[in-house]
Number of protein chains: 2
Amino acid sequence: MADFWQMVEFSHLLMSRQISKGAIVIDATAGNGHDSLFLARIVGEDGKVYSFDIQEKAIANTARLLAEHHLLDRVELIKDGHQNLDKYIKKEIDGMIFNLGYLPGGDKEITTRKDTTITALEKGLKLLKYGGIITMVVYTGHPGGREELEAILALVDGLDPHIYNVLNYKFINQKSAPEILAIIRRRAEERSS
Amino acid sequence: MADFWQMVEFSHLLMSRQISKGAIVIDATAGNGHDSLFLARIVGEDGKVYSFDIQEKAIANTARLLAEHHLLDRVELIKDGHQNLDKYIKKEIDGMIFNLGYLPGGDKEITTRKDTTITALEKGLKLLKYGGIITMVVYTGHPGGREELEAILALVDGLDPHIYNVLNYKFINQKSAPEILAIIRRRAEERSS
């Protein structure tokens, strides 16, 4: 069943299928660094990860985790909100991960927010290459979480299906399970439907 | 991207991860035989597939497809509704596939129906082994399709999360895309959550 869980750890699995060595990717929510570590591994030594977080503690935790794995040189840590990503990244990206909610083990009053999440997603979509992927893990148990999810769903539901595949999944009989989204920008040759 | 589509052809992918050679499985909706063929391959020569359909045309199409692949001997074709599966199968099962709606290329007036689908699902759940899996692909574009989906969701939403994992996914920006469900009965050692 480890296999099954690996399977449905779909945000990482889909990401690793779409991302090659040398990729440019964004971790929109560095948090404790698990996604940044995962991304640093899959982009390889020629790739680059930009990791955003507004909390000092998150940046420090992420830096420590990456240093432990000798991968800090592949990652640029940015203590700023992900809604400002275009200030730091001017080129196209291959992928982006959002893990929305509050910092595990941190201050639960500090959460991601609908408006800044939507701005970051819109900016990420603009930078996304053909074949690139954005994954979002959305927890809804905290105040504002449901509204954040609804704003995201409204945005992605309107994406042109000839250009984007948007997969939405969740474990429906587990009340605290997050909603997960994977948005893939289709390559030109795949847009035959 | 063939890779990606293979990935998200999740009902087959999850099924093939859970099902071993020698398995006993049910195709609740034989249709044109694609799921039965897939199941016949993964259960191996010691396994067994029971394929149900109420339409003569579906049974004939499935038989033809299986014969072409020399796999008809692994499959018992049953021209009866899946709600009667307990008349034919008395032992535990490893897996079950539902592909709900109407027969592609057939009479669109003949569709699966809420009541018989729910009865078949309940009976399948009763027979399902630890580690076994039921997948459901639910099209909702035809009359009654939405009600059928809602009845299924109400049932699976109430399944004990310590006993069953229920994964629900769909392509949300594609209006005619089906809802897909995968129900896995957890093995005893996995029920630690």
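Residues numbered from 1 in each chain as written. Chains lettered and ligands numbered in written order. Predicted model: local features only at pLDDT ≥ 70, side-chain atom pairs only at ≥ 80, totals over all residues. Heavy atoms only, no water.

Draft legend 1. Representation of the overall build of chain A. A count of helical and extended segments in chain A gives six helices and seven strands. N-terminal to C-terminal, the α/β element order of chain A is α-α-β-α-β-α-β-β-α-β-α-β-β. Over its C-alpha trace chain A gives a radius of gyration of 16 Å, about what one expects of a compact globule, namely 16 Å for 193 residues. The principal-axis extent of the C-alpha atoms belonging to chain A is close to 45 × 40 × 40 Å. Out of the 193 residues in chain A, the part that is buried amounts to 55%. Intrachain contacts of chain A at a sequence separation of at least 6 include 70% that bridge at least 24 residues. (Helix = DSSP H or I, 4+ residues; strand = E, 2+ residues; numbered from the N terminus. Rg over C-alpha atoms; globule rule 2.2 N^0.38 Å. Buried < 20%, exposed > 50% of the residue type's maximum accessible area, 1.4 Å probe, protein only. Contact = heavy atoms within 4.5 Å.)

Draft legend 2. Examining helix α5 (residues 114–127) of chain B more closely. With 14 residues, α5 of chain B extends 20 Å from end C-alpha to end C-alpha; this agrees with the ideal 20 Å at 1.5 Å per step. Those residues of α5 of chain B that are buried are in contact with β4 (93–100), β5 (128–138), α6 (145–157), β6 (164–171) and β7 (179–185) of chain B. (Expected span 1.5 Å × (residues − 1).)

Draft legend 3. Just the environment of glutamine 83 of chain B, in detail. All names here are of chain B. Tracing the backbone shows glutamine 83 in the loop between β3 (75–78) and β4. On a C-alpha basis, the gap between glutamine 83 and glutamine 174 in space is 31 Å, while along the polypeptide they are 91 residues apart. When residues no more than four places from it in sequence are discounted, the contact partners of glutamine 83 are Thr116, Thr119, Ala120 and Lys123.

Draft legend 4. Region of the structure containing the packing of helix α3 (residues 34–43) of chain B against helix α4 (residues 56–68) of chain B. Residue and element names in this part refer to chain B. The geometry of α3 relative to α4 is characterised by a closest axis approach of 9 Å and an angle of 40° between their N-to-C directions. Seen along the crossing, α3 lies across α4 with a hand that is right-handed. Residue-level contacts link His34, Ser36, Leu37 and Ala40 of α3 to Thr62, Leu65 and Leu66 of α4. Across the contact of α3 with α4, the residue classes break down as four nonpolar, three polar and no charged. (Axes fitted to C-alpha atoms, helices over the stretch in contact; angles between N-to-C directions. Left-handed = near helix turned anticlockwise from the far one by under 90°. Nonpolar A, V, L, I, M, F, W, Y, C, P; charged D, E, K, R; others polar.)

Draft legend 5. How the structure looks around the packing of aromatic side chains. All names here are of chain A. Applying the stated criterion across every chain yields a total of two aromatic pairs over all chains. For the pair phenylalanine 52 and tyrosine 88, a centre-to-centre distance of 5.7 Å together with 70° between the ring planes defines the contact as edge-to-face. Of the two residues, phenylalanine 52 sits in strand β2 (residues 48–52) while tyrosine 88 sits in the loop between β3 (75–78) and β4 (93–100), which places them 36 residues apart along the sequence. Under the relative-accessibility criterion, phenylalanine 52 is labelled buried at 0%. The ring of tyrosine 50 has lysine 48 lying over it, and the distance from NZ or CZ to the ring centre is 5.9 Å. (Phe/Tyr/Trp six-rings, centres within 6.5 Å; stacked < 30°, edge-to-face > 60°. Lys NZ or Arg CZ within 6 Å of the ring centre and 35° of its normal.)

Draft legend 6. Inspection of the pattern of salt bridges at higher detail. Residue and element names in this part refer to chain B. This structure, assessed with the given rule, holds ten salt bridges over all chains. When the shortest N-O distance is used, the salt bridge between lysine 170 and glutamate 179 registers 3.1 Å. With relative accessibility at 10%, the residue glutamate 179 sits in the buried group. (Salt bridge = Lys/Arg side-chain N within 4 Å of Asp/Glu carboxyl O.)

Draft legend 7. Molecular detail of the side chain of aspartate 27 of chain B. Residues and elements named next belong to chain B. Among the secondary structure elements, aspartate 27 is positioned in strand β1 (residues 24–27). One buried charged side chain, aspartate 27, makes no salt bridge at all; its nearest oppositely charged neighbour is arginine 41, positioned 12 Å away. Within the local environment of aspartate 27, its side chain forms a polar contact with the backbone nitrogen of threonine 29, the two atoms lying 3.1 Å apart. Residue contacts for aspartate 27: discarding those within four places in its chain leaves Asp35, Ser36, Leu39, Val49, Tyr50, Ser51, Phe52 and Ile97. (Lys, Arg positive; Asp, Glu negative; His and termini not counted. Polar contact = N/O pair within 3.5 Å; in protein donor to acceptor, adjacent residues only side chain to side chain.)

Draft legend 8. Representation of unusual backbone geometry in the model. Of note, histidine 70 of chain A is a non-glycine position whose phi angle comes to about 55°, a positive value. Summarising the element assignment, histidine 70 of chain A is placed in the loop between α4 (56–68) and β3.

Draft legend 9. Expanded view of the pairing of strand β1 (residues 24–27) of chain A. Residue and element names in this part refer to chain A. Along β1, one buried face is formed by Ile24 and Ile26 and the opposite face, lined by Val25 and Asp27, is buried too. Summarising the sheet, β1 and β2 pair through four bridges and their orientation is parallel. Its bridge partner being in β2, isoleucine 24 is matched across the sheet by lysine 48. Crossover β1 to β2 through helix α3 (residues 34–43) is right-handed. Where β1 meets β4, three bridges bridge the pair, whose relative direction is parallel. When the bridges of β4 are listed, aspartate 27 appears paired with isoleucine 97. (Pairing = 2+ DSSP bridges. Right-handed = clockwise from strand over helix to strand, strands pointing away.)

Draft legend 10. Layout of α3 of chain B. All names here are of chain B. Most of α3 sits inside the fold, with eight of its ten residues counted as buried. Looking at α3, one finds that the buried residues are Asp35, Ser36, Leu37, Phe38, Leu39, Ala40, Ile42 and Val43. Once α3 ends, the next one or two residues include glycine 44, with phi positive near 75°.

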